[in-house]
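Examining the three-dimensional arrangement
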Amino acid sequence: MVSPWLVGFVVFLAGPMIASLYFSFTDYALLTPPVWTGLDNYIRMFTADPVFWKVLGNTTYYTVISVGVSTIVSIALAALLNKPLAGMRIYRTIVYLPALVPLVASAMLFAWVLAPDAGLINRALGVLGITGPDWLREEAWVIPALILLSLWGVGTGVVLLLASMRGVPKELLEAAVIDGANPRQRFFQIVLPMLSPVILFNVVMGLIGSFQVFGQVYILTGGGPNNASQMLVPYLFEEGFKNYRMGYASGLSWVLFAVIMICTAIAFRTSSRWVFYETEVR
Amino acid sequence: MPSVTAPRSRLATALVGSAVALGVLTALAACGSGPSNEPSKGKVELTMSVWGGDVDKKVYNQRLRLAEKEYPNIKVRLQLSPGGEEYSQKISTAIAGGKGPDILELAEHTPAFASKNQVLPLDDYIQQSKLDLGNMFGETVPKIFAYEGKQYAIPDRSGAMVLYYNKKMFDDAGADYPTAEWTWDDLLAAAQKLTIRENGQVKQWGFSTISWWPYWMTFMYQNGGRILDDNNRPVVNSPENVEAMQWYNDLAWKHKVAPTPRDLANYGQGVGPDQLFAQGKLAMEITGFWNIAAANTVKGLDWDIAPLWKGKQPATSAFFNGLAISRTSKHPADAWKVVEFLSSAEGQRPIIDEAEDAPANLEVQRSDAFLKPKWATREVNMGAFAESASFIYVPPLTPQWNEMIKVFSDNIEPMMNNKATPAKSLETIQQRLDQVMSQSK
């Protein structure tokens with residue numbers, strides 16, 4: 001019964017993974033056979049490649065801020081969408097809709113939204129008397145611009161949070177009202193802990209996804225200006241397929257794997273302190 | 001939670017998956033039978049890989065049918081791919097797997113393919129067929145497809161970058177039309193006359209500078225500079241180059257006759273000089289043959305072309321594609337017959353008739369069919385292409401070309417955004433290129 005799955009696993013996952021681990025210790029130009037070079041790729045990565053550290057820094061910066069802000073924004077949106085208002089289904093649809101727009105389309109759209117003088121954002125800032133930056137062409141602003149684009153897709157997280165919010169038992173909230181808790185306390189003391197498993201899920205998926213950000217960078221900035229928005233996956237893609245350094249690219253992908261493993265492990269390790277599982281209490 | 005992220009497993013699997021497939025296939029390929037150096041007597045079926053769109057497909061097929069008429073025992077199947085990196089990846093994986101095409105189109109990647117022994121040197125064939133490449137294509141263009149003294153591809157389509165100008169704007173401004181005798185001063189003077197501002201807003205730009213290498217590098221070569229010396233050592237930060245880049249950058253920032261990157265971005269994603277020219281917002285632009293079809297179809301656009309001005313010396317870049325024969329071809333001698341035919345005047349003719357591109361063969365570029373094309377809706381100075389052929393410069397093509405391009409754009413963009421001085425940018429490029437070139441074995 002398990003064999004079709006096993007074949008798929010070996011051929012499409014385990015095999016390629018082992019092969020890429022092997023290639024990461026070789027000089028492999030894609031067109032010529034790989035030559036074993038031991039740790040050379042990793043040594044070059046950590047000591048001789050100035051772009052690698054910049055890329056790792058960029059990716060971490062993007063991931064931390066984008067996951068952090070997305071988490072807060074999605075909780076806030078879910079709380080708003082949980083209010084018993086007329087037409088709420090329409091609002092919910094509107095919030096989720098952007099998540100359905102294909103990545104390429106939303107990236108192209110954002111090229112317009114972020115245009116220096118004609119763009120929506122800078123026009124809005126202009127109304128407030130602020131001269132907006134040239135988002136995609138200034139080294140300091142290009143990652144914040146990509147983070148803005150990532151917020152565009154919070155809808156998926158909101159839907160999960162909303163579902164879980166509606167599952168918070170009424171009797172808990174009623175009991176809190178009787179005990180004299182105000183709405184703020186009810187939210188932070190009851191609703192939020194009940195949501196924490198979903199938040200953990202969103203954070204972990206967000207970490208994994210953000211570390212592997214590719215399409216936005218590829219379409220909007222190409223990693224520029226001056227590598228200010230270059231991230232790990234576009235960088236390894238470029239090294240492997242444009243610069244014919246598949247060995248080095250394989251090494252980069254294993255470093256990326258390690259970084260994601262470590263961050264996910266940290267999220268899970270600390271989760272015992274902030275994630276509340278109802279089932280563990282009962 | 002961001003939902004717009006990389007298709008994680010797909011990319012990773014594609015990456016390593018193709019890597020594994022490559023390894024296995026390379027091993028298998030080693031067991032194949034050796035190719036024959038004699039033209040076949042019986043029926044032969046060849047494949048040819050090119051990139052492009054519908055017009056390219058149509059023209060290549062027309063040309064191949066002509067070749068098949070010439071050599072009835074040969075059939076050539078055309079494989080068309082999208083252009084750019086995708087093409088290069090697809091072909092290199094196929095060749096590494098022993099399943100490469102017999103004939104393939106190459107451009108800037110020729111040295112990369114040649115240095116990795118993926119395409120055959122053609123010198124012996126050229127000698128046997130007594131082809132005089134310099135005579136056929138000019139002295140420079142064949143060198144674009146040479147690597148370490150050997151010829152790896154035969155030029156197929158190629159044409160100089162020329163100056164497109166809007167005649168009506170010149171007439172309105174009372175400026176003389178551009179010629180090859182223009183100097184940089186003439187260019188600047190004309191651009192100043194042709195830039196029109198209304199209420200502080202630019203209504204019409206005189207010229208346009210962009211960070212694409214055929215633009216700025218041309219000014220370096222015109223100023224007597226270059227990128228690599230004869231031993232492939234970078235010489236980017238030379239005084240000639242710094243001076244050229246200062247002048248180039250001043251067009252946008254000091255004289256304000258060309259849009260800055262910020263100005264250009266305000267016109268929308270993907271809008272460049274070609275689009276501004278077609279919209280009647282730009283008086284002069286450097287571009288290639290491909291823009292003719294677009295300009296030809298804009299109603300009311302009164303335009304013509306001319307060779308570029310000169311600096312200390314005349315220089316222009318060219319766009320180019322050549323045809324090569326892959327190492328894995330089982331019938332290289334037959335493939336050569338097809339390549340030779342496609343480079344002949346007869347084999348190149350459909351390129352003109354469909355307005356696909358400029359044919360590389362100069363005899364064809366000078367023929368009436370090219371100079372007075374039947375598709376043209378107006379009189380165009382088509383002679384500008386052949387006139388420019390003598391001063392085309394060979395870009396610093398090396399197997400590391402892609403990396404070099406990245407180093408250029410990383411540093412030319414900040415310069416063009418006025419965030420770094422030309423001297424500083426070129427200094428950084430020099431250092432980075434030193435690294436890139438020394439990493440190559």
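The rules behind these values
- Residues numbered from 1 in each chain as written.
- Chains lettered and ligands numbered in written order.
- Predicted model: local features only at pLDDT ≥ 70, side-chain atom pairs only at ≥ 80, totals over all residues.
- Helix = DSSP H or I, 4+ residues; strand = E, 2+ residues; numbered from the N terminus.
- Buried ≥ 20, exposed ≤ 12 C-beta atoms within 10 Å, placed from the backbone.
- Contact = placed C-beta atoms within 7 Å.
- Rg over C-alpha atoms; globule rule 2.2 N^0.38 Å.
- pLDDT = per-residue confidence, 0-100.
- Nonpolar A, V, L, I, M, F, W, Y, C, P; charged D, E, K, R; others polar.
- Pairing = 2+ DSSP bridges.
- Axes fitted to C-alpha atoms, helices over the stretch in contact; angles between N-to-C directions.
- Domains from an automatic or database assignment.
- Left-handed = near helix turned anticlockwise from the far one by under 90°.

Moving on, we come to the overall build of chain A. Summing up its helical and strand segments, chain A has 14 helices and two strands in all. Along the first, second and third principal axes, the C-alpha set of chain A runs to 75 × 60 × 35 Å. Sorting the 282 residues of chain A into buried and exposed places 37% on the buried side. The long-range fraction of contacts in chain A, counting pairs at least 24 apart against all pairs at least 6 apart in sequence, stands at 69%.

This part is about the overall build of chain B. The number of helices and strands found in chain B is 21 helices and 12 strands. Its C-alpha atoms give chain B a radius of gyration of 23 Å, within 12% of the compact-globule value 22 Å for 441 residues. Principal-axis analysis of the C-alpha atoms gives chain B an extent of 70 × 55 × 50 Å. Considering chain B as a whole, with its 441 residues, one finds that 49% of them fall into the buried category. The contacts in chain B between residues at least 6 apart in sequence include a share of 74% that link residues at least 24 apart.

With 98% of its residues at a pLDDT of 70 or more, chain A has an overall mean of 89. For chain A, the element scoring lowest by mean pLDDT is helix H14 (residues 278-281) of chain A, at 70; helix H3 (residues 50-81) of chain A scores highest, at 94.

A few words on the interface of chain A and chain B. Counting from both sides, the interface comprises 56 residues of chain A and, opposite them, 39 residues of chain B. Top element by residues in the side of chain A that touches chain B is helix H1 (residues 3-23) of chain A. It accounts for seven residues. Its residues assigned to classes, the side of chain A that touches chain B comprises 28 nonpolar, 24 polar and four charged.

Attention now goes to the sheet that holds strand E6 (residues 154-160) of chain B. Residue and element names in this part refer to chain B. Here we have five strands laid out as an open sheet, ordered E2-E1-E3-E12-E6, and mixed in their pairing. Each end of this open sheet is capped by a strand with a single partner; those strands are strand E2 (74-81) and E6. Shown here is a sheet whose adjacent strand axes are inclined to one another by a mean of 15°, direction ignored. Inspection of the sheet shows E6 paired to strand E12 (residues 318-325) by six bridges, in the antiparallel sense. Residue pairing across strands places Arg157 opposite Asn321, the latter belonging to E12. Each of strand E1 (44-51), E2, strand E3 (103-106), E6 and E12 is contacted by helix H15 (residues 332-343), which is oriented at about 150° to E12, the strand it contacts most.

Moving on to the sheet that holds strand E10 (residues 284-287) of chain B. Residue and element names in this part refer to chain B. On the basis of which strands lie adjacent, the open sheet formed by three strands has the order E10-E7-E11 and antiparallel pairing. Of all strands in the sheet, those with a lone pairing partner are E10 and strand E11 (303-306), marking the two edges. Averaged over all neighbouring strand pairs, the angle between strand axes comes to 30°, with direction disregarded. In terms of strand pairing, strand E7 (residues 162-166) meets E10 through four bridges, oriented antiparallel. Following the sheet pairing, Leu163 is matched in E10 by Ile286.

Turning to the domain arrangement of chain B, a few remarks are in order. Residues and elements named next belong to chain B. Each assigned domain of chain B is listed with its residue range as follows: domain 1 (35-160 + 318-385) and domain 2 (162-317 + 394-439). Taking only C-alpha atoms, the centre of domain 1 and the centre of domain 2 are 29 Å apart. Elements represented by at least two residues in the side of domain 1 that touches domain 2 include exactly helix H4 (110-115), helix H7 (141-144), E6, E12 and helix H19 (383-388). Here the side of domain 1 that touches domain 2 takes four residues from H4, the largest share from any one element. By residue class, the composition of the side of domain 1 that touches domain 2 is 12 nonpolar, six polar and three charged.

Two elements, E1 of chain B and E2 of chain B, share eight bridges in a ladder whose sense is parallel. Looking at E2 of chain B, one finds that Trp51 of chain B is bridged to Ser81 of chain B.

This part covers the packing of H3 of chain A against helix H10 (residues 183-211) of chain A. Residue and element names in this part refer to chain A. One can describe the packing of H3 onto H10 by two numbers: an axis separation of 10 Å at closest approach and a directional angle of 145°. In this structure, the crossing between H3 and H10 has a hand that is right-handed. Across the interface between the two elements, Thr59, Tyr62, Thr63, Ser66, Val67, Ser70, Thr71, Ser74 and Ala79 of H3 pack against Phe187, Ile199, Asn202, Val203, Gly206, Leu207, Ser210 and Phe211 of H10. Tallied by class, the residues present in the contact of H3 with H10 amount to eight nonpolar, nine polar and no charged.

Another aspect to go through is unusual backbone geometry. With a phi angle near 55°, Tyr244 of chain A is a residue other than glycine that sits in the positive phi range. Mapped onto the elements, Tyr244 of chain A comes out in the loop between helix H12 (232-242) and helix H13 (246-274). With phi around 55°, Lys256 of chain B is a residue other than glycine that occupies positive phi space. Tracing the backbone through its elements, the reader meets Lys256 of chain B in the loop between helix H11 (239-253) and helix H12 (261-265).

Here we take up the environment of Met217 of chain B. Residue and element names in this part refer to chain B. Relative to the helices and strands, Met217 resides in helix H10 (residues 213-222). Sequence spacing of Met217 and Asn241 is 24 residues, and the spatial spacing of their C-alpha atoms is 8.8 Å. Apart from the residues lying within four places of it in its own chain, the contact partners of Met217 are Ile227, Ser317 and Pro395.

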